[in-house]
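# Topology and contacts: notes
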Amino acid sequence: MRSPRVFAPAILLCAIAPLAAPAQERIRNHFDFDKGFGQPGYFELAVLTGEGKANWMVLPDTEHNPPSTPNQVTQTENERPAGSVAAAIRRTYVLRDGTVSVAVKRQAGIAGLLLRMAGEKDYLLVLMAQDGSLEVTATRGGVSASLAKGRAAAEREWNVLSVALAGPSLKVSVNGVPVLEAIDPAPNAGRAGLATQGPGAASFDEFVLEIKE
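Let us look at the structure shown here. Since we're looking at a predicted model, the values are computed, not measured.

## Digging into the overall build of the chain
Of the regular secondary structure elements, the chain holds one helix and 15 strands. Taken over 213 residues, the chain has a buried fraction of 46%. Accessible area for the chain stands at about 10900 Å²; split by element, carbon and sulfur atoms hold 55% of it.

## Observations concerning the environment of valine 100
For valine 100, the position within the fold is in strand β6 (residues 97-105). For valine 100, a relative accessible area of 0% puts it in the buried group. For valine 100 and leucine 115, which are 15 residues apart along the polypeptide, the C-alpha to C-alpha distance reads 8.2 Å. In this structure, valine 100 is in contact with Leu95, Leu113, Leu115, Leu161, Ser162, Val163, Leu165, Phe207, Val208 and Leu209, ignoring residues within four places of it in sequence.

## Things to note about the packing of aromatic side chains
All chains considered together, the criterion is met by three aromatic pairs. With a centroid separation of 5.8 Å and an interplanar angle of 40°, the aromatic rings of phenylalanine 31 and phenylalanine 43 are classed as tilted. Taken together, the residues phenylalanine 31 in the loop between β1 (24-29) and β2 (43-49) and phenylalanine 43 in strand β2 connect sequence positions twelve residues apart. Of the two residues, phenylalanine 31 and phenylalanine 43, neither departs from the other in class, the shared state being buried.

Rules behind the numbers
- Residues numbered from 1 in each chain as written.
- Predicted model: local features only at pLDDT ≥ 70, side-chain atom pairs only at ≥ 80, totals over all residues.
- Heavy atoms only, no water.
- Helix = DSSP H or I, 4+ residues; strand = E, 2+ residues; numbered from the N terminus.
- Buried < 20%, exposed > 50% of the residue type's maximum accessible area, 1.4 Å probe, protein only.
- Areas by Shrake-Rupley, 256 points an atom, 1.4 Å probe, with all protein chains shown as cover.
- Contact = heavy atoms within 4.5 Å.
- Phe/Tyr/Trp six-rings, centres within 6.5 Å; stacked < 30°, edge-to-face > 60°.

What follows is the structure in structure tokens.
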């Protein structure tokens, strides 16, 4: 008769396997290899709510210390309606859970992240104003609702806005400091990208997706 000890390693592996961490994919856009004064590569451009034009350009910026030099990407159109949301949406990738972050320049425009975009009337926004005011909103079927508001100590020239998504839970931090939490009532998978609302230029650098599968 064979000893039952022969099967012990297989049993042990079966016990350990369910504890393995979920697979994670990391995508980074720093815009430094994009053509200057052109549109950002790998992104689709759209105006999601309200009327108004938007103009996205990759710009050299060696004077204002973007997180990765020499380029950053800016929505340059200053005269935009207050309710108009302009977005640069990352192609190819879809995210439900994971972490999305971007460096946002402290300037007049209200700027941040577009998340879980299933369509032009179905998405989340996490936007930050020049004074550090933050708001998370959900748009479902074209109807928008505020999920949470807060304020960050966003006093640097470039501030890193980060959102961790896990099912209905959203945790927002700025420069590594937790600021607010929100509940997404309908956590679906969707695309992610850069977003700005209303008038004023908005500049971005170091857009990073960390997708949990």
